[in-house]
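One-letter residues, chain by chain:
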Amino acid sequence: MRNDSRLSRMLHVLLHMARHDGPMTSEAIARMLGTNPVVVRRTMAGLRDAGYVRSEKGHGGGWAIIADLETVSLLDVHRAVGGPRIFAIGNEHPNPGCAVEKVVNAALEDVLRDAEALLIARLGKVSLAELARGFDAGCRAFVECPSD
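Keep in mind the model is a prediction, meaning the values are calculated, not measured.

1. Re the overall build of the protein chain
Item 1. Secondary structure summary: the protein chain contains 6 helices and 2 strands in total.
Item 2. The linear arrangement of helices and strands in the protein chain, starting from the amino end, is α-α-α-β-β-α-α-α.
Item 3. Radius of gyration (C-alpha) of the protein chain: 20 Å, far over the 15 Å computed for a compact globule of 148 residues.
Item 4. Counting only C-alpha atoms and orienting by the principal axes, one finds that the protein chain spans roughly 65 × 40 × 30 Å.
Item 5. Relative to its full complement of 148 residues, the protein chain shows a buried share of 28%.

2. Here we look at helix H2 (residues 26-33)
A turn of α-helix holds 3.6 residues, and therefore any two residues three or four places apart point the same way.
Item 1. Turning to H2, its buried residues are Ser26, Ile29, Ala30 and Leu33. Projected onto a plane normal to the axis of H2, the buried residues spread over an arc of 100 degrees and lie on a single side.
Item 2. Packed against the buried residues of H2 are helix H1 (6-18), helix H3 (37-49) and strand E2 (62-65).
Item 3. Where H2 terminates, the next one or two residues include Gly34, which has phi positive at roughly 70 degrees.

3. Brief notes about the pairing of strand E1 (residues 53-56)
Along any regular strand, the residues point their side chains to alternate faces of the sheet.
Item 1. The pairing of E1 with E2 spans 4 bridges and is antiparallel. Pairing of Val53 across the sheet is with Ile65, part of E2.
Item 2. Following E1, the chain reverses through 5 residues before pairing antiparallel with E2; Gly58 in that reversal takes a positive phi of roughly 90 degrees.

About the criteria used
- Residues numbered from 1 in each chain as written.
- Predicted model: local features only at pLDDT ≥ 70, side-chain atom pairs only at ≥ 80, totals over all residues.
- Heavy atoms only, no water.
- Helix = DSSP H or I, 4+ residues; strand = E, 2+ residues; numbered from the N terminus.
- Rg over C-alpha atoms; globule rule 2.2 N^0.38 Å.
- Buried < 20%, exposed > 50% of the residue type's maximum accessible area, 1.4 Å probe, protein only.
- Arc of directions from axis to C-beta.
- Contact = heavy atoms within 4.5 Å.
- Pairing = 2+ DSSP bridges.

Next comes the structure, spelled out in structure tokens:
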């Protein structure tokens, strides 16, 4: 099964945008992600609708981040880009009269509900600002490292 990478890809874009002077075009973002500008526009529309980015048409236009990085969480971005359900694992219900199936489904539902709640809580605690600080620290460390 293929992973849905919208969240990680859009976090990547948002961090670049946060450290980029001026707007970034859909074409530039698409080149960075190795995708089509139409896919970028479609995905970025969710971020725009959520109030995290703005788009400007014409010469010098493009996408720019307008959100306060401290207030936007990874969960906010996941929801804005229309990310899938957190877990695709589910129960089988072809024979609801089967006692074994009832026990298995109940156990899975409890475990998945707890795991999803934990993941959502953690995604909600990490801000874009936290990622940006990590990115900045990584850049400083790279510059300070002696080259071979």
